[in-house]
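Coordinate analysis (summary)
Below, each chain spelled out in residue letters.
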Amino acid sequence: MHYTELDTPALLISRPIMEHNLKRMQEYADKNKVALRPHTKTHKTPALAVLQEQYGCKGVTVAKVGEAKMMAQAGIKDIFIANEIVGTHKYRRIQELARTVDISFGIDSIAQAAMVEEAFAGCEKPAQAVIEIEVGERRSGVVEEEECEKLLNFLKQCRHIHLKGVFSHDGDSYGAPDVETCLKKSVIAQERTLKFAAMAREAGFDITVVSIGSTPSLANNSPILPGITEIRPGTYIFMDQSQANAVGDQTCCAATVLATVMSKPTDERVILDVGAKGLTMQSRQEGICRVEGLGTILEYPRTHIDLMYDEHAIIYDKEFHDAVKVGDVVRIIPVHICPVVNLYDRMYLINEDGSVDRELAVACRGKLQ
């Protein structure tokens, strides 16, 4: 079957481009002598996590316990939840997973660590924890050295928590004005992460994991500083329009959404049969990841989605209007692929000639707990 025969909207993945992306990042990790632990929140597909392991990655990263469970069921044995985990239900599920897989998760406060210590009391295995360090994104993670010292002192008293290391995410690199600044941000983030790792070692902890990552910096070949043990890019497997803008190469985009031209109500307006429920309304408006519009038409790279409703994408472009007819299909490069994948039950891998290679279930879709 050719992809144009599929019903729309549909999530398409170019198998050759995806495989090129996988190979390139693995080679980058190998060259820098660090482990690659890809963040699977991008594809949410256990079959692709298995493929990443075949290319050489060391385990995977997930965002949620539910994702970890699906990855474990697919045979993945080394899983890191790059998120703070809070809640009795979640701790019980992690304890269950720990019987068969090596699973760790993030912590960033004494309050959370106290909950973990209590929840894992009496368990056969201690909780495997990794301290998150905030490095500029202003999200979660330890900010002040003093707070980290307090957390480390608390962890010294814990009998049911094993501290494996530290991790960070230089998410502010997405907003860097240029590649040079992006790489500088990456180095600064690494230096800060290494500093906190050194603090933990000085406090007597055997730190074996110093983990960093974000696709914009790593896809632009950021230097990896001595002492970093692993990298955690996620989007690199598919890329998207924002990442393509960051690296200056649209040919890296493996993921597109197939849509049908359903209406041409004026002499410049075109309506596609996919909206926010199939593309999201996310935009990026600054830095090297800045994207014009809410999605880019692959076949017409200067044409962008102007407006989005739940089930409609609106394009105002006279040239595009005159080039397509009602019933035609086009492929849309999403602004940000990660939340888009979460909207689909399945994806279709397609070959270079456009034939459908196979259908894969997005098994981690909706695993928000």
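Shown above is the structure to which this text applies.
Cut-offs used in this document
- Residues numbered from 1 in each chain as written.
- Predicted model: local features only at pLDDT ≥ 70, side-chain atom pairs only at ≥ 80, totals over all residues.
- Heavy atoms only, no water.
- Helix = DSSP H or I, 4+ residues; strand = E, 2+ residues; numbered from the N terminus.
- Buried < 20%, exposed > 50% of the residue type's maximum accessible area, 1.4 Å probe, protein only.
- Contact = heavy atoms within 4.5 Å.
- Axes fitted to C-alpha atoms, helices over the stretch in contact; angles between N-to-C directions.
- Parallel < 35°, antiparallel > 145°, perpendicular 65-115°, else oblique.
- Left-handed = near helix turned anticlockwise from the far one by under 90°.
- Nonpolar A, V, L, I, M, F, W, Y, C, P; charged D, E, K, R; others polar.
- Pairing = 2+ DSSP bridges.
- Right-handed = clockwise from strand over helix to strand, strands pointing away.
- Phe/Tyr/Trp six-rings, centres within 6.5 Å; stacked < 30°, edge-to-face > 60°.

1. Some words on the overall build of the protein chain
Within the protein chain, the regular secondary structure consists of twelve helices and 18 strands. Dimensions of the protein chain, computed from the C-alpha atoms along their principal axes, are close to 70 × 40 × 35 Å. Residue burial in the protein chain is summarised as follows: out of 369 residues, 55% are buried. Expressed as a percentage of contacts within the protein chain between residues at least 6 apart in sequence, the contacts between residues at least 24 apart total 69%.

2. Notes on the side chain of Ser-173
If you trace the backbone, Ser-173 turns up in the loop between β7 (161-168) and α7 (179-202). We classify Ser-173 as buried; its relative accessible area is 0%. Those residues in contact with Ser-173 that sit more than four places away from it in its chain are Cys-182, Lys-185, Ser-214, Pro-216, Ser-217 and Ile-288.

3. Side note on the packing of helix α5 (residues 110-119) against helix α6 (residues 145-156)
Where α5 contacts α6, the axes come no closer than 10 Å and their chain directions differ by 15°. The orientation of α5 with respect to α6, classified from their angle, is roughly parallel. In the crossing of α5 with α6, the sense of the turn from one axis to the other is right-handed. Taken together, the residues of α6 that come into contact with α5 (itself represented by Ile-110, Ala-113 and Ala-114) are Lys-150, Leu-151, Phe-154 and Leu-155. Here the residues of the contact of α5 with α6 are counted per class, giving six nonpolar, no polar and one charged.

4. Thoughts on the environment of Gly-234
Tracing the sequence through the fold places Gly-234 in the loop between β9 (230-231) and α9 (241-247). Taking the C-alpha atoms as reference, Gly-234 lies 24 Å from Phe-196; in sequence the two are 38 residues apart. Excluding anything up to four places from it in sequence, Gly-234 contacts His-39, Thr-42 and Thr-215.

5. Topic: the pairing of β7
Here β7 lies mainly inside the structure; seven of its eight residues are buried. With seven bridges connecting them, strand β6 (residues 127-133) and β7 associate as parallel partners. Each residue of the ladder has a partner; that of Ala-129, found in β7, is Leu-163. In this fold, β6 hands off to α6, which returns the chain to β7; that crossover is right-handed. With three bridges connecting them, β7 and strand β8 (residues 209-212) associate as parallel partners. Looking at the pairing, Phe-167 lines up with Ser-211 of β8. What joins β7 to β8 is α7, and the crossover it makes is right-handed.

6. With respect to the packing of aromatic side chains
For any pair of aromatic rings, the description consists of the separation of the ring centres together with the inter-plane angle of the planes. Counted by the stated rule, this structure contains five aromatic pairs. With 5.0 Å between their ring centres and 85° between their planes, Phe-80 and Phe-167 make a pair best called edge-to-face. Here the residue Phe-80 occupies a position in strand β4 (residues 78-84), and Phe-167 occupies one in strand β7, the gap between them amounting to 87 residues. Across the pair, exposure class does not vary: Phe-80 and Phe-167 are buried alike.

7. Some remarks on the pairing of strand β11 (residues 269-272)
As paired elements, strand β10 (residues 255-263) and β11 share two bridges and run antiparallel to each other. Looking at the pairing, Ser-263 lines up with Ile-271 of β11. In sequence, β10 turns back onto β11 through a hairpin of five residues. Looking at chain direction, β11 and strand β15 (residues 313-316) are connected through four bridges and run antiparallel. The residue bridging Leu-272 from the neighbouring strand is Ala-313, located in β15.

Keep in mind that these numbers describe shape and distance, not what the molecule does.
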